[in-house]
Amino acid sequence: NNMQWFKIPAKTYFEPNAIKYLRDMYGIEKAVIVCDKVMEQLGIVDKVIDQLRARANRVTFRIIDYVEPEPSVETVERGAEMMREEFEPDTIIAVGGGSPMDAAKIMWLLYEHPEIAFSDVREKFFDIRKRAFKIPPLGKKAKLVCIPTSSGTGSEVTPFAVISDHKTGCKYPITDYALTPSVAIVDPVLARTQPRRLASDAGFDALTHSMEAYVSVYANDFTDGMALHAAKLVWENLAESVNGEPGEEKTRAQEKMHNAATMAGMAFGSAFLGMCHGMSHTIGALCHIAHGRTNSILLPYVIRYNGQVPEEPTSWPKYSKYIADERYRDLAINLGVDPGKTPAEAVENLAKAVEDYRDNKLGMNKSFKDCGVDEDYFWSVLDQIGMRAYEDQCAPANPRIPQIEDMKDIAIAAYYGVSQAEGRAMRIEREGVDATEEASERV
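*Asks:* Break down the overall build of the protein chain for me, with residues and values.
*Replies:* Each helix and strand in the protein chain was counted, giving 17 helices and ten strands. Here the C-alpha atoms of the protein chain give a radius of gyration of 21 Å, agreeing with the 22 Å that 2.2 N^0.38 yields for 443 residues. If one aligns the C-alpha atoms of the protein chain with their principal axes, the spans along those axes are about 70 × 50 × 45 Å. Relative to its 443 residues, the protein chain shows a buried fraction of 60%. A separation threshold of at least 6 residues defines the contact pool for the protein chain, and within that pool the share at least 24 residues apart is 77%. In the form shown here, the protein chain has an accessible surface area of approximately 18,000 Å², with 48% of it arising from carbon and sulfur atoms.

What follows is the structure, given as structure tokens:
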């Protein structure tokens, strides 16, 4: 019952200046470069073009530079239409953070299969292998090359693409192994241009990926090794990569962070994620907060929530015995955090250590209120947060079955920076619900 299978790009290059492999890659004659305006302004797109021009054969290329943060359905459909009707590339090169890579994956899909509508691929599923709508294989017309320039998303090696639909106001995590890129080029030199805020956000995203993958119901021997090592690399190098003075130590930390992000991507690409990402997708979309920053605020709450042994574990067969608390203790030991005398103590110490890292080592926001989200607006969308997070495709991998009311309580707590219990009390008082009556209904 325990899935132990994997898919990563057929070729993954890890080293400084790995971008040079574009010179010798087989079969590039017509390339589309998918990016955003920032990648052009920083000159990173020019580095890609230089490698294409250095090839022995002549390469014709086009640039799609209008990918926005949190790419939209309209953007991916526009890009796919250009590829189909104007250019017909044999190679799609995505360069940038998670947004260009995610957009390129769906452009790739819609380019090769114009008969598919986005509304088809966003259909829900419980298990990636058991879908209401099956995504066909990709790669007959073009290969997808992903080149990350931020150290966090892991999209260059995952089957995930997160696309926003402005009509519904939702973020949709699209998942299928057909979307796994053909080639990943993990070049830490390209990540040195990250602004401090982006590096903090992306790094916490990678930490969340590794922790959620390790406690996921889909975790297995193969993903465990990468999740643990990725978490350790992030823990030991993120602060230096963000705060360090320019020099050898900072450069080394940046390289370790870039590798850690890809490693965490390999882990969660097979083990998947959990309710932290489910809530983050929803709150980020509704409140316009960067994905990694949303994760950094929610992660300690989710650690504490999953660290409590529920009366009834998730229905996944591996969880006949609840082990998430023990797994958090493994993570604490791995990161050098005091594991205490019991798993419960380890859970609390790990949550506090994550908060301390976020607040004191990186100086990030401690709450959604601190991020500038309007209080009345947050309460007005609370029901949407609970329902959409529950429906999110990351939720089924969570070790503890997330309850809608629990996620609403966590959201309130994370808005004010208080405990989940205090968040629950605020919700009950605000909604005018009798606590005894609610407890009875939940039983």
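Once the structure has been displayed, the description carries forward.
*Asks:* How would you sum up the pairing of strand E2 (residues 30-34)? Please name residues and give values.
*Replies:* Summarising burial for E2: four of the five residues are buried, a large majority. Strand direction decides the pairing type here: E2 and strand E3 (residues 60-64), joined by five bridges, are parallel. Note on E3: the bridge partner recorded for Val 32 is Arg 62. Note: E2 against strand E4 (residues 91-96), four bridges, orientation parallel. Residue Ile 33 lies in a different strand from E4, and its bridge partner there is Ile 93.

*Asks:* Describe in detail the pairing of strand E9 (residues 170-175), supporting the description with residues and values.
*Replies:* Counting buried positions along E9 yields six of six residues, so the element is predominantly enclosed. By the alternation rule, side chains of E9 split into Cys 170, Tyr 172 and Ile 174 and Lys 171, Pro 173 and Thr 175, which are all buried. As paired elements, strand E8 (residues 160-165) and E9 share six bridges and run antiparallel to each other. Its bridge partner being in E9, Ala 161 is matched across the sheet by Ile 174.

*Asks:* Any details on the pattern of salt bridges? Residues and values, ideally.
*Replies:* Taken as a whole and assessed by the stated rule, the structure comprises 15 salt bridges. In this structure, the salt-bridge partner of Lys 37 is Asp 65, at a minimum N-O distance of 3.0 Å. Of this pair, Lys 37 sits in helix H1 (residues 37-41) while Asp 65 is found in the loop between E3 and helix H3 (73-87), placing the two residues 28 residues apart along the sequence. On the basis of relative accessible area, Lys 37 is assigned to the partly exposed category, the value being 44%. Look at Asp 65 and you get buried, because its relative accessible area is 17%.

*Asks:* Run through the state of the cysteines, naming residues and quoting values.
*Replies:* For the structure on display, the rule yields zero disulfides. Cys 276 supplies the cysteine sulfur nearest to Cys 394, a cysteine that is in no disulfide, at a spacing of 9.7 Å.

Rules and cut-offs
- Residues numbered from 1 in each chain as written.
- Predicted model: local features only at pLDDT ≥ 70, side-chain atom pairs only at ≥ 80, totals over all residues.
- Heavy atoms only, no water.
- Helix = DSSP H or I, 4+ residues; strand = E, 2+ residues; numbered from the N terminus.
- Rg over C-alpha atoms; globule rule 2.2 N^0.38 Å.
- Buried < 20%, exposed > 50% of the residue type's maximum accessible area, 1.4 Å probe, protein only.
- Contact = heavy atoms within 4.5 Å.
- Areas by Shrake-Rupley, 256 points an atom, 1.4 Å probe, with all protein chains shown as cover.
- Pairing = 2+ DSSP bridges.
- Salt bridge = Lys/Arg side-chain N within 4 Å of Asp/Glu carboxyl O.
- Disulfide = S-S within 2.5 Å.

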